[in-house]
Amino acid sequence: MRISKNKFVSVTYELNVGENDERELMERATKDRPLQFIFGVGSMLPAFEENIKELEPGALFHFSINPEDAYGEYDEDHVVELPKNLFEVDGKFDDDYIREGVTLPMMNSTGERMNGSVLEVNDQAVVMDFNHPLAGETLHFSGEILDVHEPAEDEIAAINSAMSGGCGCDSCGCEACDDDCGNGCDHNHGNCGCC
């Protein structure tokens, strides 16, 4: 069976970023923990799907996606200073939770969810970067198509759960996700490069 709209797809992949001999491995999905998704329902980057469309199980793939077809160019306007008091709970700022290097789930004034990375915490503000972690990067994928079939009800339910904010660790397979779902688990919104 070939990959086409509404088919359940399972793949291995390695995602590298950078140029030629200076590429860095960002993510990997293995045969033990493959990336699994339903093709053509909007859960994957369109350019990722376009590059694997019509492939069959056993097919190998190697392709690159430019920033404009992935997560866009890095935008300095997406780095903002937010007043420190916005992060207080019961009048206290949690230095253990809000610290440099942490990615936080946030919501804008229209209710849209987004992730922001803390760049700096100073006396007055928290400096956050709302660019996608892979903004400005060319994505280099290589992998193998493991399986293509009509999705079963439980597969649809697992993927719907992952897309709606459930854990999703069992359905994605991305190594960015902790086994206990403690960090990561935001597939389709930040950690899986293919999502």
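Data block above holds the structure.
Since the model is a prediction, treat every value here as computed from it, not as a measurement.

Chemist: I would appreciate a short explanation of the overall build of the chain in the present structure.
Modeler: Counting its secondary structure elements, the chain contains three helices and eleven strands. Its helices and strands in sequence order give the chain the pattern β-β-β-α-β-β-β-β-β-β-β-β-α-α, from N to C terminus. Of all 195 residues assigned to the chain, the portion counted as buried reaches 38%. Once local pairs closer than 6 in sequence are excluded, the contacts in the chain between residues at least 24 apart make up 66%. Entry remark: accessible area of the chain is about 11100 Å², with carbon and sulfur atoms responsible for 44%.

Chemist: What is the right way to read the nonpolar core from this model?
Modeler: When a protein is soluble and globular, its nonpolar side chains tend to lie buried together. Judged by nonpolar contacts, the single largest core of 26 residues is most densely connected at F48, I52, L139 and F141. Among the secondary structure elements, those contributing two or more residues to this core are β1 (8-17), β3 (35-38), α1 (46-52), β4 (60-65) and β11 (139-149). Take this core: its biggest share by element is five residues, from β1. Counting residues in hydrophobic clusters, the runner-up holds ten residues, among them F87, V102, V118 and M128.

Parameters at a glance
Residues numbered from 1 in each chain as written. Predicted model: local features only at pLDDT ≥ 70, side-chain atom pairs only at ≥ 80, totals over all residues. Heavy atoms only, no water. Helix = DSSP H or I, 4+ residues; strand = E, 2+ residues; numbered from the N terminus. Buried < 20%, exposed > 50% of the residue type's maximum accessible area, 1.4 Å probe, protein only. Contact = heavy atoms within 4.5 Å. Areas by Shrake-Rupley, 256 points an atom, 1.4 Å probe, with all protein chains shown as cover. Core = buried A, V, L, I, M, F, W, Y, C linked by side-chain atoms within 4.5 Å.

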